[in-house]
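Working through the structure, step by step
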Amino acid sequence: VTVNSVSTSADNLAGAYVSSTSVIMVWNYGGGNGDKGFARAASISGTTITLGTETNFANNNAVGSTNIVWDASAQRAVVAYRKSNKATYSLLSISGTTLTVEQDLQDIGDGSYYESSILTYDSTAEKTVVMYRDTANDKLKLVCMDVGSSSITQGTQVVRDANRFM
């Protein structure tokens, strides 16, 4: 299976399961393709995987340290990544195996330096939470996100010392 159409390696692979449509979303960026971010949806039937069309997120900018989560209440995917060393996200919708970028290149929290992230969805609160390390000041930052159909509202950023994460 070819995950992206470029002939270079794929780095930072991640995936999210879309339970309401029995579709898995996977994304990557091609290291030799200017580190651009790409996403694809895939449907599964038995042991056969059918990939949808490749979609570019981050408007052809170089990205890194990527992660993804499916927000079941909004029926949207949130992709967090580093762009120009800042914590950034894109919001994706899905129809069948077609992905659409609804919101792109948005700062997370204060848009500080970003190394890597963890994204999770709280099904009770129906919110997405992103946690990331700001390596410029060695702080752990958490942001609660209210994901809508075309945009995300971010709550107040919580900051902790990295050596005392919780």
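These numbers were taken from a predicted model, which means no experiment stands behind them. (Residues numbered from 1 in each chain as written. Predicted model: local features only at pLDDT ≥ 70, side-chain atom pairs only at ≥ 80, totals over all residues. Heavy atoms only, no water.)

**Side note on the overall build of the protein**
Counting its regular elements, the protein contains zero helices and 14 strands. When the helices and strands of the protein are placed in sequence order, the string is β-β-β-β-β-β-β-β-β-β-β-β-β-β. Summed over its atoms, the accessible surface of the protein is roughly 7900 Å², and 45% of this surface lies on carbon and sulfur atoms. (Helix = DSSP H or I, 4+ residues; strand = E, 2+ residues; numbered from the N terminus. Areas by Shrake-Rupley, 256 points an atom, 1.4 Å probe, with all protein chains shown as cover.)

**Considerations on the pattern of salt bridges**
A full pass over the atoms with the stated rule returns four salt bridges. The closest approach of N and O atoms between Lys127 and Asp146, which form a salt bridge, is 3.5 Å. With a gap of 19 residues between them, Lys127 in strand β11 (residues 127-134) and Asp146 in strand β12 (residues 139-147) connect regions that are remote in the sequence. The class of Lys127 is partly exposed, set by a relative accessible area of 26%. (Salt bridge = Lys/Arg side-chain N within 4 Å of Asp/Glu carboxyl O. Buried < 20%, exposed > 50% of the residue type's maximum accessible area, 1.4 Å probe, protein only.)

**Some points on the packing of aromatic side chains**
Evaluation of the coordinates by the stated rule reveals one aromatic pair. Here Phe57 and Tyr81 contribute two aromatic rings whose centre-to-centre distance is 5.3 Å and whose plane-to-plane angle is 50 degrees, an arrangement assigned as tilted. Pair noted here: Phe57 is in strand β5 (residues 55-62) and Tyr81 is in strand β7 (residues 76-83), with a separation of 24 residues, a long-range link. With respect to burial, Phe57 and Tyr81 carry one shared label: buried. (Phe/Tyr/Trp six-rings, centres within 6.5 Å; stacked < 30°, edge-to-face > 60°.)

**A word on unusual backbone geometry**
The backbone phi angle of Ser84 is positive, close to 50 degrees, even though this residue is not glycine. On the secondary structure map, Ser84 appears in the loop between β7 and β8 (86-95). Of the residues examined, Ser84 reaches a relative accessible area of 57% and is grouped as exposed.

**Some details on the sheet that holds β7**
If you trace the four strands from one edge of the open sheet to the other, you get β6-β7-β8-β9, paired in antiparallel fashion. Two strands lie at the open edges of the sheet, namely β6 (64-71) and β9 (98-107), each paired on one side alone. Mean inter-strand twist for the sheet, computed between neighbouring axes without regard to direction, equals 20 degrees. Where β8 lies against β9, seven bridges are found, and the strand directions are antiparallel. Note that in β9 the partner of Leu92 across the bridge is Val101. (Pairing = 2+ DSSP bridges. Axes fitted to C-alpha atoms, helices over the stretch in contact; angles between N-to-C directions.)

**Remarks on the pairing of β11**
Along β11, the buried face is formed by Thr128, Val130, Tyr132 and Asp134; none of Lys127, Val129, Met131 and Arg133, which line the opposite face, is buried. The pairing of strand β10 (residues 117-122) with β11 spans six bridges and is antiparallel. Residue pairing across strands places Thr120 opposite Val129, the latter belonging to β11. Where β10 folds back on β11, the antiparallel hairpin that results is connected by four residues, among which Glu126 adopts a positive phi of roughly 55 degrees.

**Some details on the environment of Leu142**
The residue Leu142 is located in strand β12 in this model. Residues Leu142 and Thr156 lie 14 residues apart in sequence; the distance between their C-alpha atoms is 8.7 Å.

**Notes on the side chain of Arg40**
Following the sequence through the fold, Arg40 ends up in strand β3 (residues 36-45). One buried charge, Arg40, has no salt-bridge partner; the nearest side chain with opposite charge is Glu54, at 4.1 Å. (Lys, Arg positive; Asp, Glu negative; His and termini not counted.)

**Examining the side chain of Gln157**
Secondary-structure assignment places Gln157 in the loop between β13 (152-154) and β14 (158-161). Looking at Gln157, its side chain comes within polar contact range of the main-chain nitrogen of Asp110, at 3.2 Å. (Polar contact = N/O pair within 3.5 Å; in protein donor to acceptor, adjacent residues only side chain to side chain.)

**Overview of the environment of Ala16**
Take Ala16: it is sitting in strand β1 (residues 10-18). Put simply, Ala16 and Ile68 are 52 residues apart on the chain and 6.3 Å apart in space, counted from C-alpha to C-alpha.

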